Amino acid sequence: MDHKDVSSPVAAPSAAEAGAHAPGDDTAHGDLANAIRFLAMDAVEQAKSGHPGMPMGMADVATVLYRDFLRFDAAAPDWPDRDRFVLSAGHGSMLLYALLYLTGYPDMPVEELKRFRQLGSKTPGHPEFDRAGGIETTTGPLGQGFGNAVGMALAERLLAARFGDGLVDHWTYVIAGDGCLMEGISHEAASLAGHLRLGKLVVLYDDNEISIDGPTSLALSDDALGRFDAYHWHTQRIDGHDPAAIRKAIEAARADQRPSLIACRTRIGFGAPTKEGTAATHGAPLGAEEIAGAREKLGWPHAAFEVPEPVLSGWRAIGARGQAAHAAWRERLAAVAEDDRREFERRQAGELPGDLEAAFAQLKAEIDAERPTLATRQSSQRAIEAIAGLMPELLGGSADLTGSNNTKAKAQQPVAAPDYSGSYVHYGVREHAMAAAMNGLSLHGGFRPYGGTFLVFTDYCRPSIRLSALMKQPVVYVMTHDSIGLGEDGPTHQPVEHLAALRAIPNLRVMRPADTMETAECWQLALERRDGPSVLSLTRQALPTVRGGAGDENWCRYGAYILTPAHAARQVTLIASGSEVAVALKAQEQLRELDIAASVISMPCWDLFAEQPSSYRDEVLYPGSLQVAIEAGVPFGWERWIGLDGVMVGMKGFGASAPHGALYEHFGLTPEAVVAAVRANL
């Protein structure tokens, strides 16, 4: 066992401890920590909703972290080389909001604390990225912040390898709770962090032995430190109410080259006279009487939301302490060679390279000349090959399916500790951690992450995909083997409901290209997007090129377009996506032989089509014609485009194990089936 117990028995701080001074700090630790505690109590009480127990219990740890270690400049929340602080236990959001107010972040005046959990406030129930400076990520779904932090710590090492420690040299700190460590995502993410030796990641574990149902012993008997030892982490156990022990533990963590877990034994609801150490403090206001008792017990005679001037000044000094380090960093940035400085600033701003558009134009011209027959997963790899050399910020990866997802360009080298110069991450069979880490990479800045797995395994990624959309992070999810077309692996691996489920997530663009040309265009759209994630739904089976004429226009930008018009006045509109566009084209030919005029619409992206003017949508869908949707998925949602009187040719249930051609015949996804459906309904 590598972990060290540097704790003393958990007990209330003595009067001397409560008045302990940090080196160079004239404000008592106890007063600084109590400011956090009472702001949390008061805000939750005023809102009549929230979680006061965790902020009260972890106030000592947070105070030592911010006072003695965290490098930040409250006046410049976006300083690229700041330390990152992630509150993975997001239900304790008042801990973070109190710290932001106390240290002087401009976005967090005390009025926002008084508006805790109110509509339009910067203090929602769980921290939300971009609501206010200092909130590094959206947390609340337990373990997600842990996974994001692994991505942030990885981003720091990768950027340092490119730009040097003079520009990139910071730490990632996390406060996580029992729930975060119970959730499976933390197991995946911790294993990955240990493997990659992310030694500038420190997790402060709120080991308070309480969950919503009561004592954690009801459901938990893990040796958490033993588990993290096995993940190749540095581990320690301390008294989370002993400032000296907290400081010593963080110093030891920073001195070790492994990621660190510090189990901080705390008492939830610290200071509450009758509820301390109980589940009653976890997720409900303490009540006026209990708060009054806490004020008496902890010696805090001040009114609600009042922080005495000496204490507030002490905190504001902590918030301003990083200004000198920030200024020195800006001087180092100014001294960097011009090309490197511009590249660093471009990547931090999320701007695309200037020659990317020309690269896509050249790629499309080549595709138009060749008209290849390729699986769109292979078409995707071709797009990656075309752009990887132009986008050093493009960071690829796969959940142990690189050869199947076709996510790695030849020039991309694996990321492997201690050499962080690579641009491709082998995430292993850790889909959930991969998706959460990609959010962290994107949030950190300097990277455009993409990662691959099978579309069916978006079930494992879904919580992180949802948070990508909520946080408006431009992560690209390369999801292959997107239908029964994957064949023999059978229904366990054949997604039928997944397109519908993903399309239901707000602000997520699901793009299902029909051929190599559309795949290039969808990649371009995904990279150009700055305000949310994209899913590329790609085939295992080869598809013919269905659209020529590269031109300057990106037709996928419209979400749907007329691929081939009807030969006469339109009677039928065949709408398809992905692999079924080729089916629609063959059906169109057969209908023409029957003198039935049909247009074929390629619809790679519903959301982009919905953004178009109604006149354009009517031109494409042609109301009054028989509208037929063709897609190897369940029909859910298609009524939006074909109406209740439209016809769906798709899947009615799960798939089966067989070669893909046999499956398309068996499930009626053929031109003949489309023609029969048209004739039966026209």
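Quick note: structure is the one above.
What counts, and where the lines are drawn
Residues numbered from 1 in each chain as written. Predicted model: local features only at pLDDT ≥ 70, side-chain atom pairs only at ≥ 80, totals over all residues. Heavy atoms only, no water. Helix = DSSP H or I, 4+ residues; strand = E, 2+ residues; numbered from the N terminus. Rg over C-alpha atoms; globule rule 2.2 N^0.38 Å. Buried < 20%, exposed > 50% of the residue type's maximum accessible area, 1.4 Å probe, protein only. Contact = heavy atoms within 4.5 Å. Phe/Tyr/Trp six-rings, centres within 6.5 Å; stacked < 30°, edge-to-face > 60°. Polar contact = N/O pair within 3.5 Å; in protein donor to acceptor, adjacent residues only side chain to side chain. Axes fitted to C-alpha atoms, helices over the stretch in contact; angles between N-to-C directions. Parallel < 35°, antiparallel > 145°, perpendicular 65-115°, else oblique. Left-handed = near helix turned anticlockwise from the far one by under 90°. Core = buried A, V, L, I, M, F, W, Y, C linked by side-chain atoms within 4.5 Å. Arc of directions from axis to C-beta. Pairing = 2+ DSSP bridges.

Engineer: Can you break down the overall build of the chain residue by residue, with the values?
Structural biologist: Looking only at helices and strands, the chain has 27 helices and 21 strands in total. For a compact globule of 682 residues, the expected C-alpha radius of gyration is about 26 Å, and the chain comes in at 28 Å, within 12% of that figure. Expressed as lengths along the three principal axes of its C-alpha atoms, the size of the chain is roughly 95 × 55 × 45 Å. Buried positions account for 61% of the 682 residues belonging to the chain.

Engineer: An account of the environment of L181 is requested, with residue identities and associated values reported.
Structural biologist: Turning to its location among the elements, L181 is positioned in helix 7 (residues 178-182). Overall, L181 belongs to the buried group, its relative accessible area being 3%. Excluding its chain neighbours within four sequence positions, the residues that come into contact with L181 are F146, A176, S186, H187, Y205, A224, R227 and F228.

Engineer: Tell me about the packing of aromatic side chains, residues and numbers included.
Structural biologist: The relative placement of two aromatic rings is captured by the distance of their centres and the angle of their planes. Summed over the entire model, instances satisfying the criterion amount to 22 aromatic pairs. Residues F146 and F228 carry aromatic rings whose centres are separated by 6.2 Å and whose planes lie at 55 degrees to one another, so their mutual orientation is tilted. Note that F146 is positioned in helix 6 (residues 144-163) and F228 in helix 9 (residues 224-230), a separation of 82 residues in sequence. F228 shares its class with F146; the two are buried. Aromatic pair W606 and W641: ring centres 6.2 Å apart, planes at 80 degrees, arrangement edge-to-face.

Engineer: Provide a residue-level description of the side chain of R267, including the pertinent values.
Structural biologist: You can see R267 is positioned in the loop between strand 8 (260-265) and helix 11 (288-298). For R267, a relative accessible area of 16% gives the class buried. Only 2.6 Å separates the side chain of R267 from the side chain of E276, close enough to count as a polar contact.

Engineer: Go over the packing of helix 6 against helix 8 (residues 184-195), please, and point to the residues and values.
Structural biologist: At a minimum axis separation of 8 Å, helix 6 and helix 8 run at an interaxial angle of 20 degrees. The angle between the axes of helix 6 and helix 8 places the two elements in the roughly parallel class. Of the two elements, helix 6 crosses helix 8, and the hand of that crossing is left-handed. In contact with Q144, F146, G147 and V150 of helix 6, helix 8 contributes I185, S186, A189, A190, L192 and A193.

Engineer: Pulling in residues and values, what's your account of the nonpolar core?
Structural biologist: The nonpolar side chains of a soluble globular protein tend to be buried, and buried together. Core analysis: the largest hydrophobic core is formed by 137 residues, its most contacted members being F146, W233 and W315. Setting aside its immediate chain neighbours within four residues, W233 contacts F146, A190, A193, G194, L201, V203, F228, R258, P259, S260 and L261. Counting residues in hydrophobic clusters, the runner-up holds 49 residues, among them V583, A584, L626 and V675.

Engineer: Go over the environment of P77 with me, naming the residues and quoting the values.
Structural biologist: Mapped onto the elements, P77 comes out in the loop between helix 3 (53-68) and strand 2 (84-87). Separated by 58 residues in sequence, P77 and I135 have C-alpha atoms that sit 8.9 Å apart. With residues near it in sequence (within four places) discarded, P77 still touches R82, Y105, G133 and G134.

Engineer: Describe in detail helix 11, supporting the description with residues and values.
Structural biologist: Every buried residue of helix 11 is accounted for by E290, I291, A294, R295 and L298. Projection of helix 11 onto a plane perpendicular to its axis shows the buried side chains occupying an angular sector of 145 degrees, all on one side. In helix 11, those exposed residues whose orientation departs by more than 90 degrees from the buried face are A288, E289 and E296. Packed against the buried residues of helix 11 are helix 2 (29-47). Among the residues trailing helix 11, G299 stands out with phi positive, at a value near 70 degrees.

Engineer: Explain the sheet that holds strand 13 (residues 476-480) residue by residue, including any values.
Structural biologist: Taking strand neighbours across the sheet as the criterion, the six strands line up as 11-10-12-13-15-14 in an open arrangement whose pairing is parallel. The open sheet terminates on both sides in strands that have one partner only, identified here as strand 11 (424-426) and strand 14 (509-511). Direction aside, the axes of adjacent strands within the sheet are offset by 20 degrees on average. When strand 13 meets strand 15 (residues 534-537), the two strands line up parallel, connected through four bridges. By the bridge assignment for strand 15, M479 is matched with S537.

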